[in-house]
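Residue strings, one per chain:
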Amino acid sequence: MMQEKLLFNGIEIKQPDSGALGVNFDTTFTEDSGRIMSGTAFVAPLFTVESYSYEATDLTLEEMSQILQIVAKGKIFKCRYLSAYYGKWRTDEFYVGKGSLNVGTWQTSEEKYDKLSFNIIGVNPL
């Protein structure tokens, strides 16, 4: 049985740590949505986007560079992922707006990064 992998632009990247690919969604509502004095919500949803929080540890300089060259600068990229919403593996367009990394060691020929994390945000609504 073939095991699916997370792919960015068709390239197998460093896979996230076990349990470190969080599933998120965000719904945008009309400006006049809100709650009345009784606490009842009156909402008019516009759209919902799917997003994933990615985290990987113990990356080599090459792995870090490979990922950052795809996701940095807010560029749209294609991501092959397991969609919780659709219940299957899909390829969709995503972007990354912000990320962080922790340096492990910069010893020559042993450059390592302790951690890379960022949110992968869907371009198209669900």
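This is a predicted model, so every value here is computed, not measured.

Participant: Which parts of the structure should I look at to understand the environment of Glu31?
Facilitator: Along the chain, the position of Glu31 falls in the loop between β3 (21-29) and β4 (34-35). Separated by 58 residues in sequence, Glu31 and Trp89 have C-alpha atoms that sit 34 Å apart.

Participant: Is there a simple way to think about the nonpolar core in this case?
Facilitator: Soluble, globular proteins show a tendency: their nonpolar side chains are buried together. Within the largest apolar cluster, 20 residues are counted, with the highest numbers of intra-cluster contacts made by Phe8, Tyr54, Ile67, Val71, Phe77, Phe118 and Ile120. The set of elements that each furnish at least two residues to this core consists of β6 (45-60), α1 (61-71), β7 (77-83) and β10 (112-122).

Participant: Explain the environment of Thr48 to me, please; I cannot follow it from the model alone.
Facilitator: Looking at the secondary structure, you find Thr48 in strand β6. Apart from the residues within four sequence positions on either side, Thr48 is in contact with Phe25, Asp26, Thr27, Pro125 and Leu126. One polar contact links Thr48 to Thr27, side chain to side chain, over a distance of 2.6 Å.

Participant: I'm lost on unusual backbone geometry in this one. Help?
Facilitator: Peptide bonds are mostly trans, and most non-glycine residues show a negative phi. You will see that Asn9, though not glycine, has its phi angle at about 50°, which is positive. Positive phi, close to 55°, is recorded for Asp58, a residue that is not glycine. Relative to the assigned elements, Asp58 resides in strand β6.

Participant: Is there a simple way to explain the packing of aromatic side chains in this structure?
Facilitator: The geometry of an aromatic ring pair comes down to the distance between the two centres and the angle between the two planes. Evaluated as defined, the whole model comprises 8 aromatic pairs. When the ring of Tyr54 is compared with that of Phe118, the centres are 4.8 Å apart and the planes differ by 20°; the resulting orientation is stacked. Separated by 64 residues along the polypeptide, Tyr54 in strand β6 and Phe118 in strand β10 bring together distant segments of the chain. For the pair shown, Tyr54 and Phe118 are each scored as buried. When the centroid spacing of 4.9 Å and the interplanar angle of 90° are considered together, the rings of Tyr85 and Tyr86 count as edge-to-face. The exposed category is assigned to Tyr85, whose relative accessible area is 54%. By relative accessible area, Tyr86 is classed as partly exposed at 34%. What links up through ring pairs into an aromatic cluster is the set Phe8, Tyr54, Phe77 and Phe118.

Participant: Just to check I follow, could you spell out the environment of Lys112 for this structure?
Facilitator: When you line up the elements, Lys112 lands in strand β10. Judged by its relative accessible area of 28%, Lys112 falls in the partly exposed class. In the structure, Lys112 is positioned 48 residues away from Met64 in sequence and 8.8 Å away in space, judged by C-alpha atoms. Contacts of Lys112, omitting those with residues within four sequence positions, involve Asp58, Leu59, Thr60, Val103, Gly104 and Thr105.

Participant: For this particular structure, what's the right way to read the pairing of β10?
Facilitator: Looking along a regular strand, one sees the side chains alternate between the two faces of the sheet. Here β6 runs beside β10; their pairing, made up of 9 bridges, is antiparallel. Residue pairing for β10: Ser51 is matched across the bridge by Ile121. Across 2 bridges, strand β8 (residues 88-95) lies against β10 in antiparallel orientation. When the sheet's bridge partners are listed, Tyr95 is paired in β10 with Ile121. Relative to β10, strand β9 (residues 99-105) runs antiparallel, the two sharing 6 bridges. Looking across to β10, one finds that Leu101 is bridged to Leu116. Between the antiparallel neighbours β9 and β10 lie 6 residues, among them Ser109 with a positive phi of about 65°.

Thresholds applied
- Residues numbered from 1 in each chain as written.
- Predicted model: local features only at pLDDT ≥ 70, side-chain atom pairs only at ≥ 80, totals over all residues.
- Heavy atoms only, no water.
- Helix = DSSP H or I, 4+ residues; strand = E, 2+ residues; numbered from the N terminus.
- Core = buried A, V, L, I, M, F, W, Y, C linked by side-chain atoms within 4.5 Å.
- Buried < 20%, exposed > 50% of the residue type's maximum accessible area, 1.4 Å probe, protein only.
- Contact = heavy atoms within 4.5 Å.
- Polar contact = N/O pair within 3.5 Å; in protein donor to acceptor, adjacent residues only side chain to side chain.
- Phe/Tyr/Trp six-rings, centres within 6.5 Å; stacked < 30°, edge-to-face > 60°.
- Pairing = 2+ DSSP bridges.

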